[in-house]
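Summary of structural features
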Amino acid sequence: MAAPDLTQAEYWNGEAGRRWARHQATFDAVFTPLTERLFGRADLQSGDIVLDIGCGAGATTLRAAEAVGPTGRVTAADVSAPLLAVTAERVAARPAGGAAIDLVEADAQTHAFAPGTFDRVISRFGIMFFDDSLAAFANLLGALREGGRLAVLCWRTLPENAWIAHPLDLVQSLVPEPAPTPPDAPGPFRFAAAERLADILAAAGFRDIAFAAVDEALMLGRSETGDARAAAEEAATFSLDLGPASRLVRDQAPEIRAQAFARVQHAFEARAQDGVVRLDAACWLVTATR
Ligand SMILES: C[S@@+](CC[C@H](N)C(=O)[O-])C[C@H]1O[C@@H](n2cnc3c(N)ncnc32)[C@H](O)[C@@H]1O
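Residues numbered from 1 in each chain as written. Predicted model: local features only at pLDDT ≥ 70, side-chain atom pairs only at ≥ 80, totals over all residues. Heavy atoms only, no water.

**Points about the site of the ligand**
Let me state the cut-off plainly: If even one non-hydrogen atom of a residue comes within 4 Å of a molecule or strand, that residue is called near it. For this analysis, a polar contact is any N or O atom pair within 3.5 Å, provided that within protein one partner can donate a hydrogen and the other can accept it, and provided that sequence-adjacent residues contribute only side-chain to side-chain pairs. Using a 1.4 Å probe, accessible areas were evaluated by the Shrake-Rupley method; residue-level cover was limited to the displayed protein chains.
Residues in close proximity to the ligand total 18 residues, the closest being Gly54, Asp78, Asp107, Ala108 and Arg124. A distance of 2.9 Å separates a nitrogen atom of the ligand from a polar atom in the backbone of alanine 108. Coverage of the ligand by the protein amounts to 97% of the 590 Å² it exposes when considered alone.

And the structure:
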């Protein structure tokens, strides 16, 4: 979550964007079951023209390019230069002959996308951070062709997302209480209440707006040898270095960080099964049509 004095563009071009960029492979592995659900619903066809908004380090861009094939085209758009740089490297490393991929450093709210062009706009967790959501969705609507479709993932409530809530609960008593954020401020849970996003999409001009609940267990840690402690260590590292709970402990003294880590690792070890730590995630898979 951005500090109140930063714009989202500043936040994602700063340490947060660089952290996501460095750990792209870990985020992609953890989010795999959710990515599958997004693509199951996005219904990309051979030859489609796709906009991946808030593409981050490009996992969904590459996946969309595979889905639309050599006659298709994917535009990967993001405000974050460090994340787009990773996408560019991954795009350059693809075998030749796939779909064309265009990378644009672009703000969803204001970028002049070619009007009426895209068959699909997709996003994995890139739509909750717009400073002005109505402006962004109206702009994205204008980029879709008539009948084109939006298919995006966003988080449901914090308590439904144990993969974040559980480590947060464990460390909360060790750290100062974070300043409350207004419910409609940019952040992961901004659209946990489906009506809020439904209203914005309708006001932007979308129709056939639908929300499907997606529930998946995310694998936060795994040990090749089936060792619960090693799996818990990997899961605690993900939670406290990368996941949303990390913001609570990141700037704390080393001894507080060590205590937090020990607590989370201990709790995760007790949950490990066959050397794997899994915690529940809950999302909305939102579709809408121009
Ligand atoms: C939580 S990350 C998700 C990244 C990627 N979709 C993924 O699943 O790994 C949110 C992304 O939204 C991007 N973003 C935030 N505000 C944006 C805006 N106004 N326009 C375009 N991208 C934006 C951020 O830079 C970041 O890459």
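**A word on the nonpolar core**
Put simply, the rule reads: For the purposes of this section, nonpolar cores are sets of buried Ala, Val, Leu, Ile, Met, Phe, Trp, Tyr and Cys residues that join through side-chain atoms within 4.5 Å. In this scheme, a residue with accessible area under 20% of its type's maximum is buried, one over 50% is exposed, and one in between is partly exposed, where area comes from a 1.4 Å probe on protein chains only. Numbered from the N terminus, helices here are DSSP runs of H or I no shorter than four residues, and strands are runs of E no shorter than two. Throughout, a contact is declared for two residues whenever any of their heavy atoms are within 4.5 Å.
If you look at the biggest cluster of nonpolar residues, it comprises 91 residues, and the most contacted ones within it are Leu34, Ile127, Phe137 and Trp163. Broken down by element, this core gets its largest block of residues, eight residues, from strand β7 (residues 276-289). For isoleucine 127, the residues in contact, after removing those within four places along its chain, are Ile53, Phe137, Val152, Leu153, Cys154, Phe191 and Leu197.

**What about the pattern of salt bridges?**
Rules: Salt bridges are counted wherever a side-chain nitrogen of Lys or Arg sits within 4 Å of a carboxyl oxygen of Asp or Glu.
Per the counting criterion, the structure on display carries 17 salt bridges. Put simply, arginine 229 and glutamate 269 hold a salt bridge, and the shortest N to O gap is 3.2 Å. Taken as a pair, arginine 229 in helix α10 (residues 228-242) and glutamate 269 in helix α12 (residues 254-271) lie far apart in primary sequence, 40 residues in all. The exposure class assigned to glutamate 269 is partly exposed, which follows from its relative accessible area of 28%. Three or more residues joined by partner-sharing salt bridges are found here, namely Glu15, Arg18, Arg19 and Arg22.

**Quick look at the sheet that holds strand β5 (residues 144-155)**
To keep things clear, this is the line we draw: Only strands joined by at least two bridges in the DSSP assignment are considered to pair. Every angle, taken between N-to-C directions, lies between 0 and 180 degrees, and every axis is a line fitted to C-alpha atoms, over only the stretch in contact when it is a helix.
Spatial strand order, β3-β2-β1-β4-β5-β7-β6: seven strands in an open sheet with mixed pairing. With one partner strand each, in any of the chains shown, β3 (100-105) and β6 (207-222) form the two edges of the open sheet. Neighbour to neighbour, the strand axes of the sheet diverge by 20 degrees on average, direction disregarded. Relative to β7, β6 runs antiparallel, the two sharing 13 bridges. Bridging across to β7, leucine 218 finds its partner in leucine 279. Of the strands in this sheet, β2 (73-78) and β3 are in contact with helix α6 (residues 81-92), which crosses β3 at around 165 degrees. Helix α7 (residues 133-143) contacts β1 (49-53), β4 (118-124) and β5 of the sheet and is inclined by roughly 140 degrees relative to β5.

**Quick notes on the packing of α7 against helix α9 (residues 194-204)**
Using the following cut-off: The cut-offs work like this: below 35 degrees is roughly parallel, past 145 is roughly antiparallel, 65 to 115 is roughly perpendicular, and the gaps in between are oblique. Note on convention: the crossing is left-handed when the near helix lies turned anticlockwise from the far helix by less than a right angle, right-handed when the turn is clockwise. In this count, Pro and Cys sit with the nonpolar residues alongside Ala, Val, Leu, Ile, Met, Phe, Trp and Tyr, while Asp, Glu, Lys and Arg are called charged and the others, Gly among them, polar.
α9 packs onto α7 with a crossing angle of 50 degrees between their chain directions and a minimal axis gap of 8 Å. Compared by their axis directions, α7 and α9 come out oblique. Read as a crossing pair, α7 and α9 show a hand that is right-handed. Where α7 approaches α9, its residues Ser133, Leu134, Phe137, Ala138 and Leu141 are matched on the opposing element by Leu197, Ile200, Leu201, Ala203 and Ala204. Of the residues assigned to the contact of α7 with α9, the class counts are nine nonpolar, one polar and no charged.

**Concerning the pairing of β3**
Put simply, the rule reads: The path from the first strand over the helix to the second decides the hand: if it runs clockwise while the strands point away from the viewer, the crossover is right-handed.
With six bridges connecting them, β2 and β3 associate as parallel partners. By the bridge assignment for β3, alanine 76 is matched with leucine 103. As a crossover connection, the stretch from β2 through α6 into β3 is right-handed.

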